[in-house]
Amino acid sequence: MFDNKDRTNISELGEFGLIDYLTKAVEINQPSSIKGIGDDAAVLDFSNKQTLISTDLLLEGIHFDLRYVPLKHLGYKAVQVNLSDIYAMNGIASQITFSIGLSSKFPLEAVEEIYEGALIACKKFNVDLIGGDTSASAQGLVISVTSIGHVDKDKVVYRSGAKEGDLLCVSGDLGGAYVGLQLLEREKQIFLENPNIQPDLEGKDYIVERQLKPESRKDIVELFETYGIQPHAMIDVSDGLASEIIHICKASNVGCKLYEEKIPIDPMTYETAREFGLDPTVCALSGGEDYELLFTVPQEQYDKVKNQLDISIIGYITEENAGCEMVSKSGHVHSLKAQGWNAFEAEDQQNEE
Ligand SMILES: Nc1ncnc2c1ncn2[C@@H]1O[C@H](COP(=O)(O)OP(=O)(O)O)[C@@H](O)[C@H]1O
Ligand SMILES: Cc1ncc(C[n+]2csc(CCOP(=O)(O)OP(=O)(O)O)c2C)c(N)n1
Ligand SMILES: [Mg+2]
C-alpha cells in the first residue's frame, strides 16, 4: 500500500517528534475545548449540557484489511464510526482523541496519510482533535478513537426508551457497506491469484464508498432538531439491522414487527448482492457497517417523519411477549435473529484457516 512512496523511518523522529509532526496542523475550534493537545490531559467545559463519551477499537486483520483499504480512508472511517455513536444518543460530537499503535512496517508517510483522513473527518464534522496516544505495536496497526459530545438533558435518547405502538424508523439505506466489502474481498482474491489483473470496481462507486468511506448521520440529528422530532429510542447500525433492533427491544422490554418490503436498500446494493448470490435483505439485516440511525418515534410524530426522504418507516414496536418479528415479502412471519458481525467469530475463522 505504501511501497512505492518515500519512506521515512519513524525512529528518525522518535515518539515526541512523531507527535509534533502529526499534530502540527491540528486546530481547536470548539468553545468547549479549553485545552487540547500538549498537557497531561485535555480540558473541556460543557457548561449546562450533558457530556457524551464513546470509544471504539479498530484492529488490522479484524476490522480492516490494508490490502484494499487506503490509509487515508481508514483514518476517515475510524473517526466516522466513532462520531456515529455520539449522534446515536441524539448529541453533537465536539472532540475526539485519536490513538495509534504502529508496527515497524509503517513509515512516517503511512501514518501521515491516516492522520490526513482523520483530520478531514474532524474538519467536515466540526470536531476538535484534542489528544491521543502513540505507541509501537508488535504486530499490525491498531487505532482507537474516543469521541466526546454534548446533548441537552431533555434531548438525550437511550436504547431503552422504545414504547409499544412506536414507529420503527431508519435513516438512509442498508446493506451497501457489506456488499461493498464482498466486492473488495473478491478483487483481493483475484489480485492475489494474478497480480497483473487490475481491480474491476467500475460502476460500483456507491457501495465501495459505503464500505471505505462511511458518513455518520449528524444531519439526521440536525433534522430532528429542525422538525422537532424527539425519538424515544435510538442506536446506530454498526452490526446489522437485526442485531440493532434486538438491542433496542431488549433494552426497552418491548417486541417489534419489521416489514421486509420496507427495508431501504439501494438498487446498486440490491443488484450486486444478487450477482454474488446473496439475499439483499440478509445483507441489510446482518451485514453491518452502515452507520445509519435506527430509532423509534411515538405515533403522534408520524406526520413529521413520513415526508422525510431520507427516513424510512420499517415497522412498529409491539409488546415484549410478541417477540421481534419480520413479515417477509411473501407474508410469512419470521423471528429476527441477531446474526450480526462478531469480531470473535472472525478471529475463530482465521485461526481455523
Ligand atoms: N471492555 C469494555 N469495558 C467496559 N465497557 C465496555 C467494554 N466493551 C464495551 N463496553 C461497553 O458496552 C456497551 C456496548 O458496547 P458495544 O456493543 O461495543 O456498542 P457499540 O456498538 O455502540 O460500540 C457500551 O456501553 C460500551 O462502553
Ligand atoms: C477485514 C474486515 N473484516 C470484517 C469487516 C466487517 N466489519 C468490521 S467492523 C464491523 C462492525 C462493527 O464492529 P464492532 O467492533 O462490533 O464495532 P462496535 O459495534 O463496537 O461499534 C464489521 C461488520 C471489515 N470491514 N473488514
Ligand atoms: Mg463498541
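In this text the structure is predicted, and so the values were computed from the model without any measurement.

The rules behind the values
Residues numbered from 1 in each chain as written. Chains lettered and ligands numbered in written order. Predicted model: local features only at pLDDT ≥ 70, side-chain atom pairs only at ≥ 80, totals over all residues. Heavy atoms only, no water. Buried < 20%, exposed > 50% of the residue type's maximum accessible area, 1.4 Å probe, protein only. Helix = DSSP H or I, 4+ residues; strand = E, 2+ residues; numbered from the N terminus. Contact = heavy atoms within 4.5 Å. Pairing = 2+ DSSP bridges. Domains from an automatic or database assignment. Buried area = accessible area lost by both parts, 1.4 Å probe. Salt bridge = Lys/Arg side-chain N within 4 Å of Asp/Glu carboxyl O. Polar contact = N/O pair within 3.5 Å; in protein donor to acceptor, adjacent residues only side chain to side chain. Near = heavy atom within 4 Å. Nonpolar A, V, L, I, M, F, W, Y, C, P; charged D, E, K, R; others polar.

J.: Talk me through helix 5 (residues 205-212); I want residue IDs and the actual numbers.
T.: Those residues of helix 5 that sit buried are I207, V208, R210, Q211 and L212. Residues of helix 5 that are buried in the fold lie against helix 2 (71-87), helix 4 (176-193) and helix 8 (267-275).

J.: Which residues make up the pairing of strand 10 (residues 254-259), and what are the values?
T.: Taken together, the five bridges between strand 10 and strand 12 (residues 311-319) define a ladder with antiparallel strand orientation. Across the sheet, the residue bridging to C256 is I317, located in strand 12. Bridge count for strand 10 against strand 13 (residues 324-327) is four bridges, and the pairing is parallel. Within strand 13, the residue paired with Y259 across the bridge is V327.

J.: Lay out the domain arrangement of the protein in plain terms, naming residues and giving numbers.
T.: Under the domain assignment used here, the protein contains domain 1 (10-151) and domain 2 (159-352). For domain 1 versus domain 2, the distance between C-alpha centres works out to 26 Å. Every contact between the two is made by 25 residues of domain 1 and, on the other side, 26 residues of domain 2. In this assembly, domain 1 packs against domain 2 so that about 2300 Å² is buried in total across both faces, 59% of it on carbon and sulfur atoms. If you look at where domain 1 meets domain 2, you find three salt bridges. As a salt-bridge pair, E289 and K77 come within 2.7 Å of each other at their nearest N and O atoms. At the boundary of domain 1 and domain 2, one finds nine residue pairs in polar contact (both at pLDDT 80 or more). It is helix 2 that provides the largest number of residues to the side of domain 1 that touches domain 2, a total of nine residues.

J.: Please give an account of the site of ligand 1 that cites residues and values.
T.: Inspection of the region around ligand 1 gives D56, D85, R159 and S238 as its neighbouring residues. Side-chain polar atom of D56 to an oxygen atom of ligand 1: 3.5 Å apart, as the coordinates give it. Side-chain polar atom of R159 to an oxygen atom of ligand 1: 3.2 Å apart, as the coordinates give it. Taken together, the residues that form the shell around ligand 1 break down as no nonpolar, one polar and three charged.

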